[in-house]
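Working through the structure, step by step
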Amino acid sequence: MLDNQRRSKSKTIPMSKKLLKVIGKTNAEFKLIGEGDKILVGLSGGKDSLALIHAMKHIQRHAPFRFEFEACTIKYGMPDEHYEFLTKHCEEYEIKHTVYDTNIFDVSQDTIRENSSFCSYFSRMRRGALYSFSEEHGFNKIALGHHFDDTVESFFMNMFYNGSMRALAPIYKTSRGVHLIRPLIQVRERQLRDFATENNLQIIGDEACPAMMKDVKMPHARASTKVWLAEIEAKNKDAFKMFKASFKHIHDDTFLDPERWDRDDILVSNEQ
């Protein structure tokens, strides 16, 4: 009873009913958050991760089950790297927040491979730091702020640049034993942008990415893919609805991968 009273009185930022409905349906559909979970939320300070911690706050306030969550910001060890405003923001809304110190930036001077993507390198290192923090403090899940635009962009980037059909899963178990969840995976990016704008949230952009401090050509694949998808949506307003429907209606046996076919005749001939 006391816990329910505390949850109902804690300060929250308003979120649109439409946004909360999508997040709630996603959680119910993919069973991302449940009773007794202890969840670490990666908080970069961008619009997506800020929306995520407040979505978690709303879920915690209204869900018929109990779970814990905390926010964690990875500090790369760059010059003039400051996250005090994030700490103050989390204090204001009673969200536990840790700035986790790492030496990722120094390590990158020697370990990043020649001609590799600086952005993907720092993304992997940041993810690894979150895994380490979660292990040290007993979290069973890590939540990231990827949205539906991210997964559509990733799908086409994998197809165009890697020759594979791969998107972003709502939930999966990592090799280190922790489950990674994406509660915003069916939310459109513009909904998160509107949330940040309507609530006058101070956000961190690309200026906080260590890759920006490197004298290298910035990666263009995601930016180009985003522009291309925007052009498609401008011509077909239902394009992203169709993408979402396609991601849920996959016909394995129509692709050029025999291992995915359900063909008894092929299995019989192979046995012979």
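Everything numeric in this text was worked out from a predicted model, so none of it was measured.

Helices and strands together make up the secondary structure of the chain, namely 11 helices and six strands. The buried share of the chain, reckoned over its 272 residues, is 43%. In the chain, the share of contacts with a sequence separation of at least 24, taken over all contacts with a separation of at least 6, comes to 76%. Of the roughly 16100 Å² that the chain leaves accessible, carbon and sulfur atoms contribute 52%.

With the exception of glycine, most residues fall at negative phi, and the peptide bonds are largely trans. Positive phi outside glycine occurs at Glu-94, with the angle close to 55°. Checked against the element boundaries, Glu-94 lands in the loop between helix 4 (84–92) and strand 3 (97–101). We note that Asn-200 has phi near 50°; this positive angle belongs to a residue other than glycine. Summarising the element assignment, Asn-200 is placed in the loop between helix 8 (189–198) and helix 9 (221–235). You can call Asn-200 exposed: its relative accessible area is 69%.

Attention shifts here to the side chain of Glu-81. Take Glu-81: it is sitting in the loop between strand 2 (68–75) and helix 4. No salt bridge forms around the buried Glu-81; measuring N to O, its nearest opposite-charge neighbour Lys-75 is 5.7 Å away. A polar contact of 2.9 Å, which involves the side chain of Glu-81, links it to the backbone nitrogen of Met-78. Side-chain polar atoms of Glu-81 contact the side chain of Tyr-83, separated by 2.6 Å. Other than its neighbours up to four places away in sequence, Glu-81 contacts Ile-74, Lys-75 and Tyr-76.

Turning our eyes to something else, we now look at the confidence of the model for the chain. Model confidence for the chain is summarised by a mean pLDDT of 88, while 85% of its residues fall at 70 or above. Within the model, pLDDT remains below 50 along residues 268–272, and this stretch shows zero contacts once partners closer than five positions in the same chain are excluded.

Let us look at the packing of helix 3 (residues 47–62) against helix 8. The interhelical angle for the contact between helix 3 and helix 8, taken along N-to-C directions, is 80°, at an axis separation of 9 Å. By the angle between their axes, helix 3 is roughly perpendicular relative to helix 8. Contacts between helix 3 and helix 8 involve Lys-47, Asp-48, Leu-50, Ala-51 and His-54 from the first element and Glu-189, Leu-192, Arg-193, Phe-195 and Ala-196 from the second.

The next thing to look at is the pattern of salt bridges. A complete count under the given rule lists 18 salt bridges for this structure. Ionic pairing is found between Arg-188 and Asp-149, a salt bridge with its closest N-O pair at 2.8 Å. A residue pair is termed long-range when its members are at least 10 positions apart, and Arg-188 in the loop between strand 6 (179–181) and helix 8 and Asp-149 in helix 7 (residues 148–162) qualify at 39 residues. On the accessibility criterion, Arg-188 (13% relative accessible area) is buried. By relative accessible area, Asp-149 is classed as buried at 8%. A salt bridge links Lys-226 to Glu-153, with the shortest nitrogen-to-oxygen separation between them at 2.8 Å. One end of the pair, Lys-226, is in helix 9; the other, Glu-153, is in helix 7, with 73 residues separating them in the sequence. Glu-153 sits in the buried class, given a relative accessible area of 2%. When salt bridges with common partners are traced through the structure, they connect Lys-47, Asp-48, Glu-153, Glu-189, Arg-193, Arg-222 and Lys-226 into a single cluster.

Where nonpolar side chains cluster on the molecular surface, the patch consists of Met-159, Phe-160, Tyr-161, Met-165, Trp-228, Ile-250 and Phe-255 and spans about 710 Å² of accessible area. In this fold, Phe-160 is placed in helix 7.

A regular strand places its side chains on the two faces of the sheet in alternate fashion. Burial analysis of strand 1 (residues 38–42) places four of its five residues in the buried class, which makes it a mostly covered element. Since strand 1 and strand 2 lie parallel, the crossover through helix 3 that links them has a hand, and here it is right-handed. The pairing of strand 1 with strand 4 (residues 141–143) spans three bridges and is parallel. Across the sheet, the residue bridging to Ile-39 is Lys-141, located in strand 4.

As a further point, take helix 8. Listed in full, the buried residues belonging to helix 8 are Glu-189, Gln-191, Leu-192, Phe-195 and Ala-196. Projected down its long axis, helix 8 shows its buried positions confined to an angular sector of 165°, all on one face. In helix 8, the exposed residues that point more than 90 degrees away from the buried face are Thr-197 and Glu-198. Looking at the buried positions of helix 8, the neighbouring elements they touch are helix 2 (17–30), helix 3, helix 7 and helix 9.

The rules behind the values
- Residues numbered from 1 in each chain as written.
- Predicted model: local features only at pLDDT ≥ 70, side-chain atom pairs only at ≥ 80, totals over all residues.
- Heavy atoms only, no water.
- Helix = DSSP H or I, 4+ residues; strand = E, 2+ residues; numbered from the N terminus.
- Buried < 20%, exposed > 50% of the residue type's maximum accessible area, 1.4 Å probe, protein only.
- Contact = heavy atoms within 4.5 Å.
- Areas by Shrake-Rupley, 256 points an atom, 1.4 Å probe, with all protein chains shown as cover.
- Lys, Arg positive; Asp, Glu negative; His and termini not counted.
- Salt bridge = Lys/Arg side-chain N within 4 Å of Asp/Glu carboxyl O.
- Polar contact = N/O pair within 3.5 Å; in protein donor to acceptor, adjacent residues only side chain to side chain.
- pLDDT = per-residue confidence, 0-100.
- Axes fitted to C-alpha atoms, helices over the stretch in contact; angles between N-to-C directions.
- Parallel < 35°, antiparallel > 145°, perpendicular 65-115°, else oblique.
- Patch = residues over 30% accessible without salt bridge, like charges linked within 9 Å, V, L, I, M, F, W, Y side chains within 5 Å.
- Right-handed = clockwise from strand over helix to strand, strands pointing away.
- Pairing = 2+ DSSP bridges.
- Arc of directions from axis to C-beta.

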